[in-house]
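Observations on the three-dimensional arrangement
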Amino acid sequence: MQIAVKYVQEQLTAQKEFPKFKAGDNVTVNYKIVEGGKERIQSFRGDVLKIQGTGATTSFTVRKISNSIGVERTFPVSSPNIDSIELNKVGKVRRAKLFYLRERSGKSARIKEKRF
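What counts as what
Residues numbered from 1 in each chain as written. Predicted model: local features only at pLDDT ≥ 70, side-chain atom pairs only at ≥ 80, totals over all residues. Heavy atoms only, no water. Pairing = 2+ DSSP bridges. Helix = DSSP H or I, 4+ residues; strand = E, 2+ residues; numbered from the N terminus. Axes fitted to C-alpha atoms, helices over the stretch in contact; angles between N-to-C directions. Core = buried A, V, L, I, M, F, W, Y, C linked by side-chain atoms within 4.5 Å. Buried < 20%, exposed > 50% of the residue type's maximum accessible area, 1.4 Å probe, protein only. Contact = heavy atoms within 4.5 Å. Patch = residues over 30% accessible without salt bridge, like charges linked within 9 Å, V, L, I, M, F, W, Y side chains within 5 Å. Areas by Shrake-Rupley, 256 points an atom, 1.4 Å probe, with all protein chains shown as cover. Salt bridge = Lys/Arg side-chain N within 4 Å of Asp/Glu carboxyl O. Lys, Arg positive; Asp, Glu negative; His and termini not counted. Charge placed at Lys NZ, Arg CZ, Asp CG, Glu CD.

Attention shifts here to the sheet that holds strand β3 (residues 59–66). Pairing in this open sheet of 5 strands is antiparallel, and the strands run β4-β3-β2-β1-β5 from one edge to the other. Lying at the two open borders of the sheet, with one neighbouring strand each, are β4 (69–76) and β5 (82–89). Recorded for the sheet is a direction-independent mean angle of 40° between the axes of neighbouring strands. Taken together, the 8 bridges between β3 and β4 define a ladder with antiparallel strand orientation. Within the sheet, the bridge partner assigned to R63 lies in β4 and is E72.

Right under this line is the structure:
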C-alpha cells in the first residue's frame, strides 16, 4: 500500500533533471518571476555557497556580486518556479559551506576552476 502511495506521489511531483553541482560551482539559475499577470524568466548567475537538506526539501544558496554588493539567494531544488539550472564552472574547494566568501572581496574571493 505504501509503495503505491509513494509511486503516485512521485508521478504527481515531476522532478526536473538538473546537473549535479556542489558548493564552489558557478551556476546560472533561470527562474520564473510573476509580475502582475505577466510571467518572465530571470537568470541569477553566481557561486553555490551551500547545499542543505535532503530529498524534496533540498535547497541551495547562490551568491553573486551585483554593483559591488554581494547578493545571496536561496532556491528550493523542488520549486516549480525554477526553469533550469546551468553548470558554468566546476570549482575547486575543500569544504561544503563557503561562508568565508562573504567577508572577502576581489581576488581573494575567487574560486579556482577544477581542471579535468
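Core analysis: the biggest nonpolar cluster contains 13 residues, and V27, V29, F60, V62, F75, I82 and I85 have the highest contact counts within it. Put simply, the parts of the chain that give this core at least two residues each are β1 (26–35), β2 (38–52), β3 and β5. Look past the residues within four positions of F60 in its chain and what remains in contact with it is F21, V29, K50, I51, R73, T74, F75, V77, I82 and I85.

Taken together, the side chains of K92, R94, R95, K112 and K114 present a region of like positive charge at the surface. Within the secondary structure, K114 sits in the segment after β5. K114 sits in the partly exposed class, given a relative accessible area of 35%.

This brings us to the pairing of β1. Side chains on a regular strand alternate between the two faces of the sheet. Within β1, 7 of the 10 residues are buried, which leaves it mostly tucked inside the rest of the structure. Where β1 meets β2, 10 bridges bridge the pair, whose relative direction is antiparallel. Bridging across to β2, E35 finds its partner in K38. Following β1, the chain reverses through 2 residues before pairing antiparallel with β2; G36 in that reversal takes a positive phi of roughly 65°. Pairing of β1 with β5, which is carried by 6 bridges, proceeds in the antiparallel orientation. Of the residues in β5, the one forming a bridge with N30 is S84.

This paragraph deals with the side chain of S59. In this structure, S59 sits in strand β3. You can call S59 buried: its relative accessible area is 11%.

Distances and angles like these do not, on their own, reveal function.
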